[in-house]
Amino acid sequence: MAILIGALGILVLLAVAYLLSNDKKNVNFKSIAIMIAIQLLLGAFLLGTSIGRKIIEAITNVFTKILAYGNEGISFVFGDRLLDEGVFFVQTLAMIIFVSALLSILNYTRILPLAIKYIGGFVSKITGLPKIESFVATNAMVFGDTTAIIAVKDHIGRLNKNRLFVVTTASLVSVSCSILGAYMMMVPAEYVLVALPLNVFSGLIVSSIVCPVIIDKDSKEDEIDTNSVEESTLFEAIGSGTLMGGKIALIVGAMLVTYVGLLALVNGVLNGTIGVDLQTILGYILYPVAFLMGIPSSELLTAGGIMGTKIVANEFVAMLDLEPLIPTLTEKTVGTVTAFLISFANFSSVGIIIGAVQAINGEKAKEVASFGLKMLLVATMGSVLTATVVGLFL
């Protein structure tokens, strides 16, 4: 029954996306079908077969070992006591610095640019979507939303409104690999890793239904430069990645101080006036969405509250809510909700994306601002699609 409900949920989500479409006659149903099929095959293989589970387990073990090396540096700076006591910045956010430096090394050695180029090209060929949209969705899987947009800055000015919507929305249904280590400290690593590739297709599926892209077969797309690396030496790359990681860790920490404090303030007011906290209200609002994702009925309210917290605050705040509940929830709920949380689809990220486009092209930034709320809605639908696909195989 849960599988049937999940399948129904996918159909309902696609139907809603179609109703929101601004150009229904040009929706590329063939590419949508191909991408959904790929998602289902990936989910079935990685979560539904023993070989797939072993692959995920092996990748998880590799990440675990890498994070253990990072803990050596964290322990040296902060001491074993703070690390063992689970001080959040030390145990979780400091790992962002180490992982960011590793990503910078991989970028400097051209390993990541080449991987992104060929994966993006593969996505473009099998779906029929333009290279720019496919490249951004793939790049966002590694570097996050703003960096993915900046990587195609020379093309932003030539994108029409529909293509710009697909680019920004697909980038929003993503996370940066630099913060994966922090996620893995809080929620099950296997669901974090499975969500990454599924998000690439989820973002493209929902955004290209809502704003279809018409491809002019007679025109040639500009090639996307993936070989431009700012750092001239390996040590410069390490330093740049480290400083960027430190900046991200501090920003995330500052955002958490604000959002956790504000949520506590709002909950204090709500409990004092109507006797209900914000998470409960959000749980009821997203109750039907959680139901269509296939989450067990006894856990719908809890799941809806965590999902709502992620949208109004961010994924870290939601993970802080989910983490202590993991032992009490079913694997299906934990896996489905975790997959939903692995994206930057929240209110604050919309402002960040507008700011990134503003730095590139002021006129295009106005266009992005005009569809900001719609972009968040569709990006959230992409997260729902990823989570529902994961839930089908749990």
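Everything below is about the structure shown above.
Cut-offs and rules
- Residues numbered from 1 in each chain as written.
- Predicted model: local features only at pLDDT ≥ 70, side-chain atom pairs only at ≥ 80, totals over all residues.
- Heavy atoms only, no water.
- Helix = DSSP H or I, 4+ residues; strand = E, 2+ residues; numbered from the N terminus.
- Rg over C-alpha atoms; globule rule 2.2 N^0.38 Å.
- Buried < 20%, exposed > 50% of the residue type's maximum accessible area, 1.4 Å probe, protein only.
- Contact = heavy atoms within 4.5 Å.
- Areas by Shrake-Rupley, 256 points an atom, 1.4 Å probe, with all protein chains shown as cover.
- Lys, Arg positive; Asp, Glu negative; His and termini not counted.
- Charge placed at Lys NZ, Arg CZ, Asp CG, Glu CD.
- Polar contact = N/O pair within 3.5 Å; in protein donor to acceptor, adjacent residues only side chain to side chain.
- Expected span 1.5 Å × (residues − 1).
- Salt bridge = Lys/Arg side-chain N within 4 Å of Asp/Glu carboxyl O.
- Patch = residues over 30% accessible without salt bridge, like charges linked within 9 Å, V, L, I, M, F, W, Y side chains within 5 Å.
- Phe/Tyr/Trp six-rings, centres within 6.5 Å; stacked < 30°, edge-to-face > 60°.
- Lys NZ or Arg CZ within 6 Å of the ring centre and 35° of its normal.
- Axes fitted to C-alpha atoms, helices over the stretch in contact; angles between N-to-C directions.
- Nonpolar A, V, L, I, M, F, W, Y, C, P; charged D, E, K, R; others polar.
- 1 Å grid on protein atoms, 1.4 Å probe; cavity = no way out; pocket = protein on both sides within 12 Å on 5 of 7 lines; lining within 4 Å.
- Points joined across faces, edges and corners; volume = space filled by probe spheres on them.

Enquirer: Would you explain the overall build of the protein in this entry?
Expert: Tallying secondary structure elements over the protein gives 22 helices and zero strands in all. Relative to the globule expectation of 21 Å for 394 residues, the C-alpha radius of gyration of the protein, 20 Å, shows essentially globular dimensions. With the principal axes as the frame, the protein shows a C-alpha extent of 60 × 55 × 45 Å. The burial tally for the protein puts 52% of its 394 residues in the buried class. Pairs at least 24 apart in sequence give 78% of the contacts found in the protein among residues at least 6 apart. Working note: accessible area of the protein is about 17300 Å², and carbon and sulfur atoms make up 67% of it. Side-chain charges of the protein comprise 23 positive and 27 negative groups, with the mean position of each set lying 10 Å from the other.

Enquirer: Would you explain the side chain of Asn 139 in this entry?
Expert: Tracing the backbone shows Asn 139 in helix α8 (residues 131-143). Once residues within four sequence positions are removed from consideration, Asn 139 is found in contact with Ile 116, Gly 144, Thr 147, Ala 148 and Ala 151.

Enquirer: How should I be thinking about the environment of Thr 64 in this particular structure?
Expert: Tracing the chain through its elements places Thr 64 in helix α3 (residues 50-78). Note on Thr 64: relative accessible area 47%, which makes it partly exposed. On a C-alpha basis, the gap between Thr 64 and Met 184 in space is 8.6 Å, while along the polypeptide they are 120 residues apart. Of the polar contacts made by the side chain of Thr 64, one reaches the backbone oxygen of Thr 60; its length is 2.8 Å.

Enquirer: Whenever I open this one, helix α6 (residues 95-108) confuses me. Can you help?
Expert: Think of an α-helix as turning once every 3.6 residues; residues three or four places apart then point the same way. Over its 14 residues, α6 runs 20 Å from end to end, which matches the ideal 20 Å to within 8%, given 1.5 Å per residue. All of the buried residues along α6 are Met 95, Ile 96, Val 99, Ser 100, Ala 101, Leu 103, Ser 104 and Asn 107. Buried residues belonging to α6 abut α3, α5 (88-93), α7 (111-127), α8, α12 (180-184) and α14 (234-273). With its phi angle positive at about 70°, Arg 110 sits one or two positions after the end of α6.

Enquirer: Just checking my understanding: could you explain the pattern of salt bridges for this structure?
Expert: Close approach of charged atoms allows side chains with opposite charge to pair. One pass over the full model with this rule turns up five salt bridges. For Asp 23, the salt bridge identified is with Lys 25, shortest N-O distance 3.6 Å.

Enquirer: Help me understand a nonpolar patch on the surface, please; the structure alone is not making it clear to me.
Expert: Taken together, Leu 8, Val 12, Val 16, Leu 20 and Leu 377 make up a surface patch of nonpolar side chains, about 350 Å² in accessible area. Ranked by the residues each element gives to the nonpolar patch, the list is headed by helix α1 (residues 2-20), at four residues. Assignment of secondary structure puts Val 12 in helix α1.

Enquirer: I keep staring at the packing of aromatic side chains and nothing clicks. Help me out?
Expert: Aromatic rings considered in pairs are described by the distance between their centres and by the relative angle of their planes. The full count for this structure, using the stated rule, is four aromatic pairs. A ring pair is formed by Tyr 18 and Phe 29, whose centres lie 6.1 Å apart and whose planes are at 40°; its orientation type is tilted. Of this pair, Tyr 18 sits in helix α1 while Phe 29 sits in helix α2 (residues 29-48), placing them eleven residues apart in sequence. Classification of Tyr 18 as partly exposed rests on a relative accessible area of 32%. According to the relative accessible area criterion, Phe 29 is exposed, its value standing at 54%. Considering the side-chain rings of Tyr 183 and Phe 316, the 5.3 Å spacing of their centres and the 50° angle between planes classify their relative orientation as tilted. Linking Tyr 183 in helix α12 with Phe 316 in helix α18 (residues 315-322), this pair joins segments that are 133 residues apart in sequence. For Tyr 183, a relative accessible area of 0% corresponds to the buried category. Here Phe 316 falls in the buried class, since its relative accessible area comes to 2%. Over the aromatic face of Phe 340 sits the side chain of Lys 310, whose NZ or CZ is 5.0 Å from the ring centroid.

Enquirer: I tried to follow the packing of α1 against helix α13 (residues 189-210) on my own but got confused; where do I start?
Expert: At their nearest, the axes of α1 and α13 sit 7 Å apart, and the two run at 35° to each other. Across from Leu 13, Leu 14, Ala 17, Tyr 18 and Leu 20 in α1, the residues of α13 making contact are Ile 205, Val 206, Ile 209 and Val 210. In terms of residue class, the contact of α1 with α13 is built from nine nonpolar, no polar and no charged.

Enquirer: Where do I start with empty space enclosed by the protein in this structure?
Expert: If you walk through the whole model with that rule in mind, you get one cavity of 30 Å³ or more. In this structure, the largest cavity encloses a volume near 70 Å³. Along the walls of the largest cavity sit Asn 26, Val 27, Asn 28, Ser 31, Ile 32, Gly 128, Leu 129, Ser 208, Pro 212, Val 213 and Ile 215, which together make up its complete lining. Split by residue class, the lining of the largest cavity holds six nonpolar, five polar and no charged.

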